[in-house]
Amino acid sequence: MRRLGLSFAASVVVCAQPALADDIVHYGAEPVWVDVYDKGRIDLESSSPLPVLDIQQRIEQGTVAVYADQALKLDSPVALTQAGTSVLTWQPDKGTLTVHRVEILRGDETIDVLADGSVYTVLRRETRLEQRLIDGSLTATMPVPGLQIGDVLRISFTQTLKDDALQGQVQQVSPLLIKPVEATFGRLKLSWPKDETVHWTVGPDDVEAREASEGQFHSVEIDLPLAKREDLPFDAPMSVTRPPIFQATTFSDWQAVSSVFASVYDPAQYDLSEASLSEEIASIRQQSDDPLQQAALATQLVQNKIGYLLNGMAGGNYIPQAPAETWTLRYGDCKAKTLLLLSILHELGIPAEAALVHSSLGDAVSDLLPMAADFDHVLVRATIDGKDYWLDGTSSGTRLANIADTPGFRYFLPIRAEGSDLLALEPRIPSVPTAAMAVTLDQRAGIDFPSIADIEVRLTGPIASTVGALAKQANDEQKKDFVDGFAQSTLGSASIADGSFSYDEETGVATIGFTAVHTSPWRSDGGRKRQRLTSLPSADLDFDPDRSRPAWRDIPVNLGVPALEAYNLQILLPDDEPGYLVRGRPDIDIAFAGNRVVRTAELAGSTFTASERVESLGGELPASELPAEKAKAQRVKNSAPFLLAPIDAPRSWEYGRPELRKRTVRLEEEYQKVIDRDPDEAWTYLNRARFRFGATDFDGALDDYTKAIALDSTADNFVARASVYHTLGEMPKSLQDARKAFEISPSADNALLLASYLGEVGETDEAIALIDEFDDYGENHESFVQTRADILAYGGRLDEGLTELDALIEERPAQGHLYNASCWYRARFDVGLDGIGAVCDRAVTQGSSAASALDSRAMAWLKAGELGKALEDADAAIALRPQFRQTHYLKAFVQRAMGDEAGEQQIRYLSQTFPGMAQEYARYGLKP
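Along each chain, the written sequence defines residue order, and numbers are assigned to residues from 1. Side-chain atom pairs in this predicted model are given and counted only at pLDDT of 80 or more, local residue features only at pLDDT of at least 70, and totals for whole chains, interfaces and linings cover all residues. Computation of side-chain values: all heavy atoms of the structure, hydrogens and water removed.

S.K.: Please set out the overall build of the protein chain residue by residue, giving values where relevant.
M.R.: Starting at the N terminus, helices and strands are each numbered in turn, a helix being any DSSP run of H or I of at least four residues and a strand any DSSP run of E of at least two. Within the protein chain, the regular secondary structure consists of 27 helices and 38 strands. Throughout, radius of gyration means the C-alpha value; the globule benchmark is 2.2 Å times the number of residues raised to the power 0.38. In terms of C-alpha radius of gyration, the protein chain reaches 38 Å, well past the compact-globule figure of 30 Å for 928 residues. Seen through its principal axes, the protein chain has C-alpha atoms that stretch 110 × 80 × 55 Å. The cut-offs for exposure are 20% and 50% of the maximum accessible area for each residue type, with area from a 1.4 Å probe on protein chains only; residues under the lower value are buried, those over the upper are exposed, and the others partly exposed. The buried share among the 928 residues of the protein chain stands at 53%. Every accessible area reported is derived by Shrake-Rupley at a probe size of 1.4 Å, with residue values counting cover from the shown protein chains alone. As displayed, the protein chain offers around 40,000 Å² of accessible surface, 48% of which is attributable to carbon and sulfur atoms. His is not counted, nor are the chain ends; Lys and Arg add positive charge and Asp and Glu add negative charge. A single reference atom marks each charge: NZ on Lys, CZ on Arg, CG on Asp, CD on Glu. Side-chain charges in the protein chain split into 88 positive and 138 negative, and the spacing between the mean points of these groups amounts to 4 Å.

Here it is, written out as C-alpha cells:
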C-alpha cells in the first residue's frame, strides 16, 4: 500500500488507439455524490500506515465512477522514497481521470501541492510490453516536493469507466483490504439509482455489508480492512482461497453475459478471401477430409503462424480484431486467435463456438456474479461427431494425437446470440502421456558403485513446443545447459556424460535424452543392500492432505488438472551374480482421489523391468472422502516394488581382483565423457577419483586428485588425496598433504587429521601440541581425546592413552560408543587386559553400532587366543556390515590361526591391495 498507483478498473478478457478519448489529467472538486472524509478527523498520530483509505463508487447511466481518497503516513525513509512520486493510471478510451487533492499534512499545517503549481505529467508507457501485452493505459506521474519523514500525504481522485463493448451494461470488481494491513479509517461504498437493478456480492469470506437508501440512490458499504483471514490448506480449491473481492454489475444473468459478445464472434460475417489465407484453408482440405484432422491442422496453423500480442486499446479488451487483420498482421491475442480459428473452422464446415474461461480461478467462477470480468481468456469449443474439442490458438503443440485433451478450466461460458448458462467443463484423461520417461539403469558394475542412467523423456503439448523452440534457437552451450539442468531436475545429483534434445514438428513430440553417472541407488538394509525404485512415481507418492483443524474439516481438496504420465524402467544387474529379489507388489491397478496407478514389474534373469502409468482426472475431492482415499494412496505407496541384493554380493574392497575390476570398464568410459564435456572443472576429476578409490584403483585416484588440485587447490582436495596416500601406506606424502590442508583451512577436523598422521610417524610431541591447541572441550572433544590416546599409544605411552579414555567414560557414562573406543584401544595395544572383557561386552550391548563393537571384541578374543569366539564375533560384524574390509582382514587372521588356508589367501589379497591397512594392523601384532 506504500505506492500510490491505485486502479479500480474491472478485470477484462486480456488473454490471459486510434484517437485518445481523454488523454489529459483533469483537476477539480469531488463529485457531488461523494461523502468527503473530513480532514479534521484524520488521526495524524496513528501508528497505522494508512490513516485514510476511502473508496466510493457510483454506477449511473452505463458508467462506473470510482472516487479514491488515500492518506499515507511517511514514517520511514523507505516510505518517504516510495511515496515520493505519485503514480496514477487510467484508460483514456473508456473514461477520465480527475485529481481533486494532493496535500501534505504536517502537524497543524496543510500544504496544497497543486496550489504550488505542481501537476501530473502524462506518460505513454506500456509496462507489460515485454510480455506481449498493450492495453492503451496512460500513466500520470508527479514528484511530490517537500516531503519529510512524519508527513501524511493525502491524494484523492476520481476515475470513470464506460466500456461500449458491454452494450450499456456495467461491471465493477474491487479487491478488499485485509488485515494485518491497517487503516485508521477505511471503507468501500457503492451507490446506484433506485430505479436501476444492480447486483452485488462480496466473498468468499463472510463480510458485513450495510445497505441503505439515500434520496434517489441505494448504497452498500463495507468497513475496511477486513479481519485477517484464517490460515487455509495449500491444496484447497480456489473457491475457498481466492482473495476477497466486491463485485457489482447490471448484467442480469449468465445468458446476458453470453450474448453480449455474440455478434463480434459470429464467423459468418468475416471475409477470409485473402489469397494466402485461402490457400492455407485449401491446403487443410487437401491434406484430409476428416473433420477432426482438419480441426487439428487449423489449430496448428493459428498456433504456429500467428504470434501473440494483446491489443487492449480502443475497446480491444473485449472486441477482437477481424480475422483478415490478424492474418495480415500475423499477431493477435486470445480473442483475435480464437476468432480467426473459429472463422477457419466455419469455412471448413466444422461446428464451433467461442467460449469464455478463466485461466486460474478454477471452481471459483461459479461463485461469482455473472459478468464479463469473470473471464480472462477465450478459446474455441468445436463439436465433431457429438464430442467436444477444446481448441486454443494461444497454446501450442496441438496435434491429432492430443486434440481430444481437455484444458484445466473448470467452467466455461459459450458465446451465443441466444445466451447460455455457465457450464461445467467435463475433464478427460489425456489421449497421450504429457510426459513419457524411459529409464535404463546399468548397475552391472555392482551394488557399491554408481549406476549409469540412460534416460529418454518424450514430451507432448505446449511444453514440447517450448522445447522445440529452444532446440531451434539455442547455441551449443545453451543446449548443453538445458540438458544438464533437465538431467539434474530428473535425477538430482548426477554427472552428465552426454545428452541431446530434439523436436518433431509433424508429431509435436519433443525428445530429451541423456546419459549420466548417478550415485548408487543401493542403500544398506541390515547386511544386505536394498534399492528403492525412485524412477517409479509410486515410490515417492505423497497424498496426505491436512484437514486436521476443525475449520478445515469440510474444505475439499483441489486435485489439479487432467494428466497422464508413463514410466518405463529397466535395471541391468550383474550377469554372474544370482540371488537378486523383488519385493513389494510387482503388479497393481489401484484408483484413488481421481488418480489411477497401473503397474507391472518382473525380474527375468539379470534384468528387472517395470512400467507405471499414472492417470489423473483432476477436479476436487470432498473432505468426507479423504480417509478412504488416503488409505488407498498409502496402499499404492506401501506396495511399491524394491530390489534386494544377494547377501554375498561382491563389495567394493574386493575389486582389486581382475575378474571384478572388469565390471567397471563402462563406468570408466562414461566418467571420461563427463570429463571431456567439462575438462577445466575440478569436480569432474573429483567424481572419478572417488569412484576409482572405491574400486581400489588408487593410482588412478591419485592422478585424478592431482589434476583436481591443479584446478582447485582446496583443503578438502588435499585431504582426499592424503587419504589415498594413507591407504597406500605412503605416510610422508600423506602427511605432506595433511599439512597443506591444515595451512589452507586450520579447522578442528583438519587438525585432528594432521595430528593423527603425525602420531603414526612418531612425531608425538607435535601431534599432542596440536591436539591441545584445538581441543575446545565442546562437541569435538570426544574425537580429540580418542585421537590423543592413539597418538600416545604410537609413542609408547600406552597407559596414558588408556587413562585418557577412562576419564572420558567417567565424564560421560552410559555412552556405548566410548566403551567401544576403550575396547578397541585395549585390544589393539594389549593394555588394560584385566577389564577388557567387561568393557567390550558393554560396547556390544550398549553401543549404537553393533558391527563396530563386535569387530573390536573380535580383536580382543583373537589377542586372548579365544579363536572360536573371535570368529563368531567377526562373522556377526560382517553380517551387519559386509562392506567393512577391516573386519574381513581381522577374520582372515582368525582363520589363519585356526589353520584355514582361506584366511592366508585373504590376508595376502588385502595386505597387497591395502598396504596402509596392513601397516596399521602390523603395529597391533597382526602381520601378513
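The structure having been displayed, the exposition proceeds.
S.K.: So, helix H16 (residues 731-744): which residues are in play, and what are the values?
M.R.: For an α-helix, the turn length of 3.6 residues means that residues three or four places apart are oriented alike. The span you would expect from a helix comes to 1.5 Å times its residue count less one. Between the first and last C-alpha of H16 there are 20 Å, a value that for 14 residues agrees with the 20 Å anticipated at 1.5 Å per step. Every buried residue of H16 is accounted for by Met731, Ser734, Leu735, Asp737, Ala738, Ala741 and Phe742. Buried residues of H16 fall within an arc of 165° about the axis and therefore sit on the same side. Every exposed residue of H16 that faces more than 90 degrees away from the buried side is listed here: Pro732, Gln736 and Glu743. In what follows, residue pairs with any heavy atoms lying within 4.5 Å of each other are defined as contacts. Along its buried surface, H16 packs onto helix H15 (715-727), helix H17 (748-760) and helix H18 (764-774). What the arc covers is the set of directions going from the helix axis to the C-beta atoms.

S.K.: Kindly report on the side chain of His100, identifying the contributing residues and their values.
M.R.: Along the polypeptide, His100 turns up in strand S5 (residues 97-106). Think of a polar contact as two N or O atoms within 3.5 Å of one another; within protein, one of them needs to be a possible hydrogen donor and the other a possible acceptor, and neighboring residues in sequence only count if both atoms come from side chains. A distance of 2.9 Å separates a polar side-chain atom of His100 from the backbone oxygen of Gly28.

S.K.: Explain unusual backbone geometry residue by residue, including any values.
M.R.: Among all residues save glycine, negative phi is the norm, and among peptide bonds the norm is trans. The linkage connecting Gly203 with the following residue, Pro204, adopts the cis geometry, with an omega of 10°. By the secondary structure assignment, Pro204 is in the loop between strand S13 (199-203) and strand S14 (210-214). A cis geometry characterises the amide bond from Leu224 onward to Pro225, with omega recorded as 0°. One can find Pro225 in the loop between strand S15 (217-223) and helix H2 (238-241). Of note in this structure, Arg330 is not a glycine but carries a positive phi near 60°. By secondary structure assignment, the location of Arg330 is in the loop between helix H6 (323-329) and strand S19 (331-332). The exposure class assigned to Arg330 is partly exposed, which follows from its relative accessible area of 35%. For Tyr777, which is not glycine, the phi torsion reads 60° and is therefore positive. By the secondary structure assignment, Tyr777 is in the loop between H18 and helix H19 (781-794).

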